[in-house]
Amino acid sequence: MRGDVWPMVHAERAALIDDLARLDDEQWERPSLCAGWTVHDVAAHLVDTARTTRLGFVLGLAGARFDFDRQNTRGVARERGASPRETLARLREVAARTSTPPAPLDSRLVEEVVHGEDIRRPLGLTRPYPREAVVRSLRLQARTPAAFGGAKELTTRVRLTATDADLSIGDGPAVTGAALALLLAVSGRRVALDELGGPGLATLAAG
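Everything in this summary refers to the structure shown in the same document.

A short note on the overall build of the protein
Line of reasoning, step 1. When helices and strands are counted, the protein shows 10 helices and three strands.
Line of reasoning, step 2. Ordered by position from the N terminus, the helices and strands of the protein form the series α-α-α-α-α-α-α-α-β-β-β-α-α.
Line of reasoning, step 3. Since a compact globule built from 207 residues should have a radius of gyration of about 17 Å, the 17 Å found for the protein is in line with a globular shape.
Line of reasoning, step 4. Overall size of the protein, expressed as C-alpha extent along the three principal axes, is 50 × 35 × 30 Å.
Line of reasoning, step 5. Within the protein, the fraction of its 207 residues that count as buried is 50%.
Line of reasoning, step 6. A separation of at least 24 residues holds for 62% of the contacts in the protein among residues at least 6 apart in sequence.
Line of reasoning, step 7. Accessible surface, the protein: about 9800 Å² in total, of which carbon and sulfur atoms supply 54%.

See the structure below:
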């Protein structure tokens, strides 16, 4: 896998840290786009995933009885500080790390971009993500099975066509829109469906 992903991951972490540093305590407790998680929870999850090593992931998953949701919940509880400032300090500490679970390296980009939007959108914040970061994230999601949070099966039924990048993936009726909206939609964020169009949209929305 290409090691050039890390500068992009680190840039996304730095940008999110800058945005989080401007929030008040009430904003940290707003619901994120991740069901059941607040902005604070998502930030804690990003600390946890930044610390995760290949061995640590396997051991953690076994300890969670191979339940990904349970493993993530435990990670949030472990890394969520007693205050937003404490969690933000932890995020700063891990911002330059290059550890990763046993997954494609571009999954680190998916984590940062999608969870960045999980935090920013409910707060009305926007970020002009580098096009390459979004496109690489979307390409990975399109070849990742649904069981691992991706859209591999979906792309056998629709064609994802970005209007702001040279990218078209899949077979079937087209779903068109900005690459970021496509990425969020295939990652289960239904809020992005309103930003998409095309004859394949109903199929995508149905899952």
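Remarks on the sheet that holds strand β2 (residues 168–170)
Line of reasoning, step 1. Within the open sheet, the three strands sit side by side as β2-β1-β3. Their pairing is mixed. Strand pairing shows two members of the sheet lacking a second neighbour, β2 and β3 (174–177), which therefore form its edges. Adjacent strand axes in the sheet meet at a mean angle of 15°, parallel and antiparallel pairs treated alike.
Line of reasoning, step 2. The pairing of strand β1 (residues 159–162) with β2 spans three bridges and is antiparallel. Across the sheet, the residue bridging to Arg159 is Gly170, located in β2.
Line of reasoning, step 3. Where helix α9 (residues 179–186) meets the sheet, it contacts β1 and β3, and its direction lies at approximately 150° from that of β1.

Focus on the environment of Trp37
Line of reasoning, step 1. Tracing the backbone shows Trp37 in the loop between α2 (25–28) and α3 (39–51).
Line of reasoning, step 2. Put simply, Trp37 and Val76 are 39 residues apart on the chain and 9.4 Å apart in space, counted from C-alpha to C-alpha.
Line of reasoning, step 3. Each residue touching Trp37, except ones within four places of it in the same chain, is listed here: Pro31, Ser32, Val42, His45, Asn72 and Val76.

Quick word on the side chain of Thr49
Line of reasoning, step 1. Along the chain, the position of Thr49 falls in helix α3.
Line of reasoning, step 2. Each residue touching Thr49, except ones within four places of it in the same chain, is listed here: Arg108 and Glu111.

Focus on the packing of helix α7 (residues 107–123) against α9
Line of reasoning, step 1. Packing of α7 against α9 leaves a shortest axis separation of 10 Å and a crossing angle of 95°. What the angle tells us is that α7 and α9 run roughly perpendicular. Between α7 and α9, the contacting residues are Val113, Val114, Glu117 and Arg121 on the first element and Leu180, Leu183 and Leu184 on the second.
Line of reasoning, step 2. Along the lines of polarity and charge, the residues of the contact of α7 with α9 split into five nonpolar, no polar and two charged.

Considerations on the packing of α3 against α7
Line of reasoning, step 1. Orientation of α3 relative to α7, taken along the N-to-C sense of each, is 165°, at an axis distance of 10 Å. Between α3 and α7, the angle falls in the class roughly antiparallel. Between α3 and α7 lies a crossing of left-handed hand. Together, Val39, Val42, Ala43, His45, Leu46 and Thr49 of α3 and Arg108, Glu111, Glu112, His115, Ile119 and Leu123 of α7 make up the contact between the two elements.
Line of reasoning, step 2. When grouped by side-chain class, the residues that make up the contact of α3 with α7 number six nonpolar, three polar and three charged.

So, how was this worked out
- Residues numbered from 1 in each chain as written.
- Predicted model: local features only at pLDDT ≥ 70, side-chain atom pairs only at ≥ 80, totals over all residues.
- Heavy atoms only, no water.
- Helix = DSSP H or I, 4+ residues; strand = E, 2+ residues; numbered from the N terminus.
- Rg over C-alpha atoms; globule rule 2.2 N^0.38 Å.
- Buried < 20%, exposed > 50% of the residue type's maximum accessible area, 1.4 Å probe, protein only.
- Contact = heavy atoms within 4.5 Å.
- Areas by Shrake-Rupley, 256 points an atom, 1.4 Å probe, with all protein chains shown as cover.
- Pairing = 2+ DSSP bridges.
- Axes fitted to C-alpha atoms, helices over the stretch in contact; angles between N-to-C directions.
- Parallel < 35°, antiparallel > 145°, perpendicular 65-115°, else oblique.
- Nonpolar A, V, L, I, M, F, W, Y, C, P; charged D, E, K, R; others polar.
- Left-handed = near helix turned anticlockwise from the far one by under 90°.

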